Amino acid sequence: AQSVTQPDIHITVSEGASLELRCNYSYGATPYLFWYVQSPGQGLQLLLKYFSGDTLVQGIKGFEAEFKRSQSSFNLRKPSVHWSDAAEYFCHYGSSNTGKLIFGQGTTLQVKP
Amino acid sequence: GAGVSQSPSNKVTEKGKDVELRCDPISGHTALYWYRQSLGQGLEFLIYFQGNSAPDKSGLPSDRFSAERTGGSVSTLTIQRTQQEDSAVYLCASSLGPGVAGANVLTFGAGSRLTVL
């Protein structure tokens, strides 16, 4: 069965430090991959997406993610974290064959001043 | 409409009562999804509608849960004989659907927060 795994439930980083949130997936077809962010009391917002082509994709708010087929990963990165980045982050997978879209369990990011 | 609209935004009900949650997707979006987000939990897939095809109900947790989508637009999620463990935020999302450029990008509604006493 298709699945998405975010191994880190909770991450704390200092403001200004770099960030990497991990996402691994299992799939049977060409994946569409996404990262969404949910700030406290807010709805879910798309950060970035990968459909095909360049495996390094840029998103909003200075985030980027790299698709690595050999590792079945789509990790989210940011070189310098801001306090406003504290939120919950969801990795998201979609198959090109079906519309069924699957979320990872989410990673809660805390930012220390 | 301009976005995905969900109602009610908040619902408090007593255990054993039935509830209906409504979702009005973005006009032209053929795919519609329901997810459930419980406190401290991730996003749990419930059901997926694509056009006029039979829905993918594989995520519905029990037969107390059902959903329909009338006319390929508005969807209603019904929970019968609610239990306390049904308390959660129910999120609806819509997209252009598979096979379309830019498809599978979800636009979420603000959610319906259900509290079962």
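Look a little higher up for the structure.
> Before we go on, may I ask you to explain the interface of chain B and chain A in this structure?
Buried accessible area, meaning the area lost when the parts come together, often serves as the stated size of an interface. Opposite the 18 residues of chain B that make contact, chain A presents 19 residues. Surface buried jointly by chain B and chain A totals about 1500 Å² across both partners, of which 62% is contributed by carbon and sulfur atoms. It is Leu43(B), Asn104(B) and Phe108(B) in chain B that bury the most area against chain A; as a group they hold 33% of the surface buried on that side. On the surface where chain B and chain A come into contact, there are 0 salt bridges. At the boundary of chain B and chain A, one finds 2 residue pairs in polar contact (both at pLDDT 80 or more). Those elements giving two or more residues to the side of chain B that touches chain A turn out to be strand S4 (31-37) and strand S5 (43-50) of chain B. Residue classes in the side of chain B that touches chain A are distributed as 11 nonpolar, 6 polar and 1 charged.

> For this particular structure, what's the right way to read unusual backbone geometry?
Negative phi values dominate among residues other than glycine, just as trans dominates among peptide bonds. Looking along the chain, the bond that leaves Ser7(B) and enters Pro8(B) is cis, with omega of -10°. As for its placement among the helices and strands, Pro8(B) is situated in the loop between strand S1 (5-7) and strand S2 (10-13). The backbone of Lys61(A) shows a phi angle near 60°, a positive value even though the residue is not glycine. In this structure, Ser72(A) takes a positive phi of about 50° despite not being glycine. By secondary structure assignment, the location of Ser72(A) is in the loop between strand S8 (64-68) and strand S9 (73-78). Classification of Ser72(A) as partly exposed rests on a relative accessible area of 23%.

> Just checking my understanding: could you explain the state of the cysteines for this structure?
Chemically, a disulfide is nothing more than a covalent bond linking the sulfur atoms of two cysteines. Residues and elements named next belong to chain A. Within this structure, the stated rule accounts for 2 disulfides over all chains. Put simply, Cys-23 and Cys-91 are joined by a disulfide, and their sulfur atoms are 1.9 Å apart. Between Cys-23 and Cys-91, the S-S torsion sits near -65°, and that sign places the bridge as left-handed. Of the two residues, Cys-23 is situated in the loop between strand S3 (19-21) and strand S4 (24-26) and Cys-91 in strand S10 (residues 87-95); the sequence distance between them amounts to 68 residues.

Analysis parameters
- Residues numbered from 1 in each chain as written.
- Chains lettered and ligands numbered in written order.
- Predicted model: local features only at pLDDT ≥ 70, side-chain atom pairs only at ≥ 80, totals over all residues.
- Heavy atoms only, no water.
- Contact = heavy atoms within 4.5 Å.
- Buried area = accessible area lost by both parts, 1.4 Å probe.
- Salt bridge = Lys/Arg side-chain N within 4 Å of Asp/Glu carboxyl O.
- Polar contact = N/O pair within 3.5 Å; in protein donor to acceptor, adjacent residues only side chain to side chain.
- Helix = DSSP H or I, 4+ residues; strand = E, 2+ residues; numbered from the N terminus.
- Nonpolar A, V, L, I, M, F, W, Y, C, P; charged D, E, K, R; others polar.
- Buried < 20%, exposed > 50% of the residue type's maximum accessible area, 1.4 Å probe, protein only.
- Disulfide = S-S within 2.5 Å.

Everything listed here is a matter of coordinates, which is why it stays silent on function.
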